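Chain residues, written in single-letter form:
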Amino acid sequence: MAESSPPPPQPSATLANLPDQTLDRLLCEIDHPRDLLALALTSRIFNEIVFGPQSHMNFRWIICDPRRKHMWKELSQNPHLAARIRRVELVMEAAGDLIHVPDLPCNDDMLDEQEQCSWDDNRELSNRMVVLADALRVMTRLERFCWGTRFKPDLGFHVVATAVANNCLSLHELQIEYLQDLLTPNREAVSFSRISEPLWRISNLTSCSMSILEEICEYLPDHVISLMDVLVARSPDLEDLELNLKGMAPFPVPQLLSAHWPKLRRLTITGILQLYEYNIATDNTAKAAVFMNFLSRHPLLEALAIPYEHVSAVPEGCFNINTTPNLTSLSLAPQMRPQGLTGVIHPDVARRLTHVSIAFTGKCLRVVREFKSLQSINVMDPDAITLMSLAKLIPNIKRLSCIFTFGQKSEQAVKTLMSYVKPLTPFQHLTHLGGFFTDVDITTHDGHGLLILVAMTMPNLRYVELSGSDIDNHWIELHRGPQNNLAGYKRMDKREWEKLKMSSWGGFFYGFLPRAF
């Protein structure tokens, strides 16, 4: 009897052999574009799925104007594509801005004439917010929502906020700019309540950036308390928080300062000192203890920024930062001039700091020698003597920002800054220089000459910030020739220099949208 032949070999089971629909579902579970790119590099099949028609790579992150009604309509009609979106950042589109939209037939790099509608066209604007909300309802995997444009009350924001709150259940990153725009001209609390109410139903945030300005605090105190409830009671896993508390009334103070976020790592509060103007304690010692107790409940805090410029009186001992054992970045307001840093920063904490931003005084310099790990420093209005003192104490830092407020025309600013070049000579390891070229036009003969001189003085310098009252703030990247001479430079786009500034200057949390600081 003849032996039966063995069965033919079966193809090996691999991810690449899975049906296309299954592979598509698999890729839908990948959130970040960098992980999609890594997968695309593993095989031709994955590369085609990641980068092919209606690619996953193009359907993760949207940065654009909220008025793109054709794009929102197409996404709302294709829920399987909308479900791939993880981040939506709504901004006013302008030349030079980084805009990213999915690869759809209706999309161009810029908002075309057909898509444009005037912000004064209330009826059309309201209709477009409805179309935007329709698209958001099917973005069921959305993780980040940012509203960064001005808007009018009662023109569709309610339906947008409702769509996010009710359907984007994976949302954990939220930024709302211009919240005061929701106030009607006659400050109607009922109208504001109806428009903003969906925001107060959001929970489980890990990152939040929001302004609580004087107008809202004055007319609508209950809504400030509602926001605090979203953060304090309903977001226990908060890691990054930025709050603008300018003009905040005293009622939410105990609610905020009693918060406990065990995972909090980055905290930025504008106006925190204003809290001490209210009677939350009887004397300065007790007031300081309130904030110190708040810090002690957040031992994982790494970056603390308090950029408030209008209060110079600091309760003694208020910022005893040794209550935060993991602090590596500290930024205090320019007007904060405590009696030196010695009583503010414990030497053990000072040795661990990698970034410090403060108004330095002679007494502050005494403790700078303790900054053994310092990589970057931000100095407000330094004189030449201060720069020379810093150069002796911390010559090996890589990033230096000198914020000048000369208020001079470019030609005079160049002459003034020439005297500051020599004190910078010891900073031979410097790679980033911010603020120095204040009010300097480097396209002029004198301005370009100053740039060449600075590049020669610091051979490792690669990034330079340009700023001033008449200059669009931005960064440039220097190109060097064979002899390390300055061969040219290129302007970095907004997203590039925003990322550079945040990562290189302390990693503080200022929301997700580019800003000119």
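Located above this text is the structure these notes cover.
Bear in mind that the values here come from a model prediction, so they are computed numbers and not experimental data. (Residues numbered from 1 in each chain as written. Predicted model: local features only at pLDDT ≥ 70, side-chain atom pairs only at ≥ 80, totals over all residues. Heavy atoms only, no water.)

Novice: Honestly, the packing of aromatic side chains in this entry has me stumped. Any pointers?
Specialist: A ring pair, where both rings are aromatic, is described by two values, the distance of the centres and the angle of the planes. In this structure the tally under the stated criterion is 6 aromatic pairs. Relative to Phe157, the ring of Trp147 has its centre 5.3 Å away and its plane inclined at 85°; by these criteria the two rings are edge-to-face. One end of the pair, Trp147, is in strand β3 (residues 144-147); the other, Phe157, is in helix α7 (residues 157-167), and 10 residues separate them in sequence. With a relative accessible area of 2%, Phe157 lands in the buried category. (Phe/Tyr/Trp six-rings, centres within 6.5 Å; stacked < 30°, edge-to-face > 60°. Helix = DSSP H or I, 4+ residues; strand = E, 2+ residues; numbered from the N terminus. Buried < 20%, exposed > 50% of the residue type's maximum accessible area, 1.4 Å probe, protein only.)

Novice: Any chance you could explain unusual backbone geometry here in plain terms?
Specialist: Leaving glycine aside, a negative phi is the common case for residues, and trans is the common case for peptide bonds. Phi angles above zero are rare outside glycine, and Asn204 is one such case at about 60°. Here Asn204 lies in the loop between α8 (189-196) and β5 (207-211). Positive phi, close to 65°, is recorded for Asn484, a residue that is not glycine. Examined against the element boundaries, Asn484 turns out to sit in the loop between β15 (474-480) and β16 (486-491).

Novice: In this structure, what is going on with the side chain of Glu177? I would like to understand it.
Specialist: Topologically, Glu177 is positioned in the loop between β4 (173-176) and α8. For Glu177, the side chain forms a polar contact with the side chain of Gln175, separated by 3.3 Å. (Polar contact = N/O pair within 3.5 Å; in protein donor to acceptor, adjacent residues only side chain to side chain.)

Novice: Looking at this structure, how should I read a nonpolar patch on the surface?
Specialist: On the surface, a nonpolar cluster with roughly 310 Å² of combined accessible area is contributed by Leu37, Leu41 and Phe51. Tracing the backbone through its elements, the reader meets Leu41 in the loop between α2 (33-40) and α3 (44-51). (Patch = residues over 30% accessible without salt bridge, like charges linked within 9 Å, V, L, I, M, F, W, Y side chains within 5 Å. Areas by Shrake-Rupley, 256 points an atom, 1.4 Å probe, with all protein chains shown as cover. Salt bridge = Lys/Arg side-chain N within 4 Å of Asp/Glu carboxyl O.)

Novice: Looking at this structure, how should I read the nonpolar core?
Specialist: The nonpolar side chains of a soluble globular protein tend to be buried, and buried together. Grouped together as the largest cluster of nonpolar side chains are 115 residues, with contacts concentrated most on Trp72, Leu75, Met139, Phe145, Leu400, Phe436 and Phe437. Every residue in contact with Phe436, bar those within four places of it in the chain, is listed here: Cys402, Phe404, Leu417, Tyr420, Val421, Leu424, Leu450 and Val454. Within the second largest apolar cluster, 10 residues are counted, among which are Ala40, Ile49, Val50 and Met57. (Core = buried A, V, L, I, M, F, W, Y, C linked by side-chain atoms within 4.5 Å. Contact = heavy atoms within 4.5 Å.)

Novice: Help me understand helix α6 (residues 122-137), please; the structure alone is not making it clear to me.
Specialist: Because each turn of an α-helix spans 3.6 residues, side chains separated by three or four positions end up pointing in the same direction. The end-to-end C-alpha distance of α6 is 23 Å, a good match for the 22 Å that 16 residues give at a rise of 1.5 Å each. Those residues of α6 not exposed but buried are Leu125, Arg128, Met129, Leu132, Ala133, Ala135 and Leu136. Each buried residue of α6 lies within a common arc of 155° when the element is viewed along its axis, so the set occupies one face. (Expected span 1.5 Å × (residues − 1). Arc of directions from axis to C-beta.)

Novice: I keep staring at helix α1 (residues 20-28) and nothing clicks. Help me out?
Specialist: Within the sequence span of α1, burial applies to Leu23, Leu27 and Cys28. One face of α1 carries all of its buried residues, which in axial projection span an arc of 145°. Residues Gln21 and Arg25 are exposed on α1 and point more than 90 degrees away from its buried face. Residues of α1 that are buried make contact with α2 and α3.

Novice: In this structure, what is going on with the pattern of salt bridges? I would like to understand it.
Specialist: Scanning all chains against the criterion turns up 11 salt bridges. In this structure, Glu89 and Arg144 form a salt bridge, with 2.9 Å as the shortest nitrogen-oxygen distance. With Glu89 in strand β2 (residues 87-90) and Arg144 in strand β3, this pair connects stretches of sequence that are 55 residues apart. One salt bridge in this structure joins Lys263 and Asp237, with 3.6 Å as the shortest N-O distance. One end of the pair, Lys263, is in the loop between α11 (253-257) and β7 (266-270); the other, Asp237, is in the loop between α10 (221-232) and β6 (240-244), and 26 residues separate them in sequence. Three or more residues joined by partner-sharing salt bridges are found here, namely Lys69, Glu124 and Arg128.

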